Amino acid sequence: MTTAPTAGSGTAEPGGDTPRWRAVVVLTSIALVALLADLLTKHLAVQALDDRPPVRLLGGAVYLTLTRNSGAAWSIGSDHTWVFPLITIGVVGWIVWMALRLRSLPWAVSLGLVLGGALGNLVDRIFRAPGHFVGHVVDMVSLFDPYGRVWPVFNLADSALVCGVLLAVLLELTGRQRDGRGDGGDTAGTPSGTGAEQRERA
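Residues numbered from 1 in each chain as written. Predicted model: local features only at pLDDT ≥ 70, side-chain atom pairs only at ≥ 80, totals over all residues. Heavy atoms only, no water.

1. Notes on the pattern of salt bridges
Now for step 1: According to the stated counting rule, one finds six salt bridges in the structure shown.
Now for step 2: Here Arg-128 makes a salt bridge to Asp-124, at a shortest N to O gap of 2.8 Å.
Now for step 3: For Asp-124, a relative accessible area of 0% corresponds to the buried category.
Now for step 4: Residue Arg-181 pairs with Asp-179 through a salt bridge whose shortest N-O separation is 2.9 Å.
Now for step 5: Look at Arg-181 and you get partly exposed, because its relative accessible area is 34%.
Now for step 6: Sharing partners across several salt bridges, the network here consists of Asp-38, Lys-42, Asp-124 and Arg-128. (Salt bridge = Lys/Arg side-chain N within 4 Å of Asp/Glu carboxyl O. Buried < 20%, exposed > 50% of the residue type's maximum accessible area, 1.4 Å probe, protein only.)

2. Considerations on helix 3 (residues 83–99)
Now for step 1: With 17 residues, helix 3 ought to run about 24 Å at 1.5 Å a step, and its terminal C-alpha atoms sit 25 Å apart, in line with that.
Now for step 2: All of the buried residues along helix 3 are Phe-84, Pro-85, Thr-88, Val-92, Ile-95, Met-98 and Ala-99. Buried residues of helix 3 fall within an arc of 145 degrees about the axis and therefore sit on the same side. (Helix = DSSP H or I, 4+ residues; strand = E, 2+ residues; numbered from the N terminus. Expected span 1.5 Å × (residues − 1). Arc of directions from axis to C-beta.)

3. Quick word on the nonpolar core
Now for step 1: By size, the foremost hydrophobic cluster in this structure holds 14 residues, and its most contacted members are Leu-27, Ile-95, Leu-102, Trp-107, Ala-108, Leu-111 and Leu-115.
Now for step 2: Counting only elements with at least two residues in this core, the list comes to helix 2 (17–49), helix 3, helix 4 (105–127) and helix 5 (156–173).
Now for step 3: Here this core gets five residues from one element, more than from any other, and that element is helix 4.
Now for step 4: Once residues within four sequence positions are removed from consideration, Leu-115 is found in contact with Leu-27, Ala-31, Val-92 and Ile-95.
Now for step 5: Listed in part, the nine residues of the second largest apolar core include Val-55, Leu-66, Val-138 and Phe-154. (Core = buried A, V, L, I, M, F, W, Y, C linked by side-chain atoms within 4.5 Å. Contact = heavy atoms within 4.5 Å.)

4. Considering unusual backbone geometry
Now for step 1: Cis geometry marks the peptide bond from Ala-129 to Pro-130, where omega comes out at 15 degrees.
Now for step 2: Checked against the element boundaries, Pro-130 lands in the loop between helix 4 and strand 3 (137–143).
Now for step 3: Positive phi values are uncommon outside glycine, yet Asp-51 reaches one of about 55 degrees.
Now for step 4: Tracing the backbone through its elements, the reader meets Asp-51 in the loop between helix 2 and strand 1 (55–57).
Now for step 5: On the basis of relative accessible area, Asp-51 is assigned to the exposed category, the value being 77%.

Bear in mind that shape data such as this cannot, by itself, settle questions of function.
Given below as structure tokens:
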């Protein structure tokens, strides 16, 4: 007799507990993989590239060269290293807050990449020399020049951050929302349809 709950049941799935926790698991897994891969590559770089000239790869398109950066890209803010851990902690807190209402798997991938990259560099800031919260980040990849004169020397954490941010911009431009709306073909129009059914029942 009442078909409205059946139509409304489709709206419960995108906001249900199972999709939310699935998205959180994806976010956490990607962040963990990115963090561990970053820590491993930095360890290998320190072991293999310290006191060694840059290693030329792919005909000079890529160089492996060990650098320690106290600032951001192009050494921006190198005199205020302590600021970067605070910014990173704020970003991590924002991602954790977003995870509480996250139901979109594409957004989980994006936020997972950002979180893993942020944590990778945060570990350097906290635990590497010259001291806690002023540590220098280990970078090792330079494009088209052995000393970063074409593009800043970067690491895997930087790559994860950039990919995560670019994916987030793409998701915003295509209307994908973090609560799952816009991921499917029929979820974008669900709220208005649900409201119409509620008015009709009233």
